[in-house]
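# Structure at a glance
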Amino acid sequence: MSGDTQALPLRQGTTFSEEAVPEIDPTTTAGLLAERLQAWKHAVVYLEDYVGAVEKVHKAHAREYERLLKTISHPLKEGAHFDQGLGGVAGFFENMRVNTQAMINSNAETEKTLKGSVLPILERLHKEIKAKHKEVTHGVEKGAKEIDKARNNTQKHIELLGQHTAAFESAGGKMTPSDDPYVIQRGVLHRLNKQVVEENNHRNDLINIQDSFKGFEAHVIQVVQQAMDALNQVAGGQAEKTRALYTDMLGAAQQIPGDFEWKGFVAREGHRLVDPNDPPRNVDAIVFPNQDHNSTKPLIEGSLERKSRNKLSWGTQSGYYVVTPSKYLHEFKDDDNLRHDPKPELSIYLPDAVIGAPSGEKFHIKGKDKSKSFSSKLAGTSELNFKAHSAAEAQKWFDAIRIAAGATGPAYESQPPSPDASGPSSTSDAGSKVGKIDTAHQGQDVGITGGDTVSSPTAISPTATRQNTLKDTATAEEKKATVA
């Protein structure tokens, strides 16, 4: 055997025994090395698939960012409320559109760069590994075939030597020259030497292949590192660019002053906004149609005290009362029109009521409450006793109520006859008036009791009403002076 077997770290499959034809498959080491190249090839394919997937991811990102851009591509609704220059909300959204378009372009460029720069590195490495694998397998297969051929020749001569050595014993040494075991044995040595030469050549080839694997794998790793560096520069650079674009959007939002838009809005639409320097509105200063119509002016209004209609209650309660040109006597809680809706708690239609003459500070009215309140449904027709602040004020109320009530219905006289009247006719007239008054008091439910005769005007204005009231008061005082 050759002396080249000294200290090489060979597998068992490449170490031959002392047998002439060893049973170990000489392609075992070559098969292992070929399998290792196959493993490297698959590793590179994995990287190719990964980079290809990253390329598709960026392609998909470009499409998704296009969809994202559509969400802000249209102008702002009610955009007139925002300043259209830079530095405001409109400028901020324009910044977002520009940066989002930059993200679309960046992802599209990254996809193209990965496809044109990074993937070719791995594809070339893939081809190198395939070529190396082919080189190993073809070279080893050729050497293995030569070894098999040499072994077959050696095996045939060894078998031939065995046949002739057996014939030599049986024939007693009588043989032909070509069948001489000596000659055959030398032929075995010759063929065995050729076999060993082929085996050693094959072994040396395997050693050279093994030695080349170290450098080749270093080259593979170097190329993989180069591809990953390119991937980092392309994809990582794109990620940094995306981060920078988002940072720019953040800066555009943060640089908007809090009052920037409001100041611009006030400058543009200030004429439509409320001027804080204008005085607030006052109800007293507002004018509306029919505000001063005669029907809205009360004949008299003020506070009166009234005895409760509930017979079980004692004392009087204060209220705000109004006699209107519509011939109603209304009762309110107070004269405040602002805190609550002023709805009458009591409403008596004076032409349908019986009105008693004042007695000092007091006077009474008998009538039906038509306010449609809950209490009006329970009370029905009742007599209401009022008390004014003074006798003169009570007289004013009575005069106003008498004028409103006298618009319809008869007038009743309750004063005694004059002492100047004499004779039967006067007595008869007085008796007839008294009888008339008594009859009226017995069954009267409409009109005036205890007062002077009242005319029935067809149209009474607030001014005329007050003048008639003053005239009636003067006439009554003259009559009293005459009687005295």
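As the structure is a computational prediction, the values presented were derived from the model and not from experiment.

### Things to note about the environment of alanine 166
With respect to the element layout, alanine 166 can be found in helix H2 (residues 89-171). Given a relative accessible area of 44%, alanine 166 falls into the partly exposed group.

### Regarding the pattern of salt bridges
Tallying each qualifying case throughout the model produces 13 salt bridges. Two residues, glutamate 94 and arginine 97, come together in a salt bridge whose shortest N-O distance is 3.1 Å. Of the two residues, glutamate 94 and arginine 97 are both situated in helix H2; the distance of three residues between them amounts to about one turn of the helix. Residue glutamate 94 is classed as partly exposed on the basis of its relative accessible area, which comes to 40%. You can call arginine 97 buried: its relative accessible area is 17%. Of the charged contacts, one joins aspartate 352 and lysine 370 as a salt bridge, the two residues approaching to 3.3 Å between their closest N and O atoms. Note that aspartate 352 is positioned in the loop between strand S4 (346-349) and strand S5 (354-356) and lysine 370 in the loop between strand S6 (362-368) and helix H5 (374-379), a separation of 18 residues in sequence. On the basis of relative accessibility, which here comes to 38%, the residue lysine 370 falls in the partly exposed class. Three or more residues are tied together by salt bridges with common partners; here these are Asp334, Asp336 and Arg339.

### Points about a positive patch on the surface
A cluster of like positive charges, contributed by Lys56, Lys59, Arg63 and Lys115, occupies part of the molecular surface. Examining the composition of the positive patch, we find that three residues originate from one element, helix H1 (residues 28-70), more than from any other. Here lysine 59 is to be found in helix H1.

### With respect to the confidence of the model for the chain
As a general rule, the predicted coordinates of low-pLDDT regions are not to be interpreted in detail. Mean pLDDT over the chain works out to 77, with 75% of the residues at or above the 70 mark. A low-confidence stretch, residues 407-448 stays under pLDDT 50, and its non-local contacts, those more than four residues away or across chains, total 47 contacts. For the stretch residues 450-471, pLDDT sits under 50, and the model shows 34 contacts to residues farther than four places along the chain or on other chains.

About the criteria used
Residues numbered from 1 in each chain as written. Predicted model: local features only at pLDDT ≥ 70, side-chain atom pairs only at ≥ 80, totals over all residues. Heavy atoms only, no water. Helix = DSSP H or I, 4+ residues; strand = E, 2+ residues; numbered from the N terminus. Buried < 20%, exposed > 50% of the residue type's maximum accessible area, 1.4 Å probe, protein only. Salt bridge = Lys/Arg side-chain N within 4 Å of Asp/Glu carboxyl O. Patch = residues over 30% accessible without salt bridge, like charges linked within 9 Å, V, L, I, M, F, W, Y side chains within 5 Å. Areas by Shrake-Rupley, 256 points an atom, 1.4 Å probe, with all protein chains shown as cover. Lys, Arg positive; Asp, Glu negative; His and termini not counted. Charge placed at Lys NZ, Arg CZ, Asp CG, Glu CD. pLDDT = per-residue confidence, 0-100. Contact = heavy atoms within 4.5 Å.

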